[in-house]
Amino acid sequence: MDLTGTDDRLGVPNRVSVVGGRLVRAGFADAVTAAELLTAPPLAMWDAVANEPVSDEAAALVSALGRSADPDQALRLLVDLVVAAAGEPILTLLESSAAFRSRLLGLLGASQSL
């Protein structure tokens with residue numbers, strides 16, 4: 001099964017492409033990469049089978065990512081940040097504090113051309 005098309009054995013869309021369609025509507029331009037990053041560790045915020053966030057907190061975070069100036073960049077940088085030593089406390093704060101979430105994702109998703 002390839003990650004961007006169909007299951008060759010069944011001829012049906014695979015989970016990443018199905019999830020990707022929903023993430024495009026959430027604001028991500030590179031929905032396949034967003035699906036891969038959101039469904040796998042270290043974030044694991046999206047349930048690919050149910051095609052929805054794993055919790056209300058994850059839904060708030062995905063929604064906030066989608067509202068940033070560059071959701072794809074914000075997501076990539078968030079993954080880099082979470083992989084760093086301070087990752088777990090930052091994820092906890094992002095899930096629990098709307099103010100922190102708004103500020104950090106606004107910074108991570110700011111246009112590089114500014």
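Residues numbered from 1 in each chain as written. Predicted model: local features only at pLDDT ≥ 70, side-chain atom pairs only at ≥ 80, totals over all residues. Heavy atoms only, no water.

Let's talk about the overall build of the chain
Right, on to step 1. The helix and strand tally for the chain stands at six helices and four strands.
Right, on to step 2. Walking the chain from its N terminus toward its C terminus, one meets helices and strands in the order β-β-α-α-β-β-α-α-α-α.
Right, on to step 3. With 114 residues in all, the chain has 35% of them scored as buried.
Right, on to step 4. With an accessible surface of roughly 6300 Å², the chain has 57% of that area assigned to carbon and sulfur atoms. (Helix = DSSP H or I, 4+ residues; strand = E, 2+ residues; numbered from the N terminus. Buried < 20%, exposed > 50% of the residue type's maximum accessible area, 1.4 Å probe, protein only. Areas by Shrake-Rupley, 256 points an atom, 1.4 Å probe, with all protein chains shown as cover.)

Let's talk about helix H2 (residues 31–39)
Right, on to step 1. Every buried residue belonging to H2 is among Ala31, Ala34, Ala35 and Leu38, and all of these are buried. Mapping the buried residues of H2 onto a view down its axis gives an arc of 100°, with all of them on the same face. (Arc of directions from axis to C-beta.)

As for the nonpolar core
Right, on to step 1. Leu23, Leu38, Leu43 and Leu78 are the most contacted members of the largest nonpolar core, which has 26 residues in total.
Right, on to step 2. Listing elements by their share of this core, those giving two or more residues are helix H1 (15–26), H2, helix H3 (56–67), helix H4 (71–83), helix H5 (87–96) and helix H6 (98–108).
Right, on to step 3. Residues within four places of leucine 43 in sequence aside, it is in contact with Leu37, Leu38, Leu75, Leu78, Val79, Val82 and Leu91. (Core = buried A, V, L, I, M, F, W, Y, C linked by side-chain atoms within 4.5 Å. Contact = heavy atoms within 4.5 Å.)

So far we have only geometry, and geometry alone does not tell us how the molecule works.
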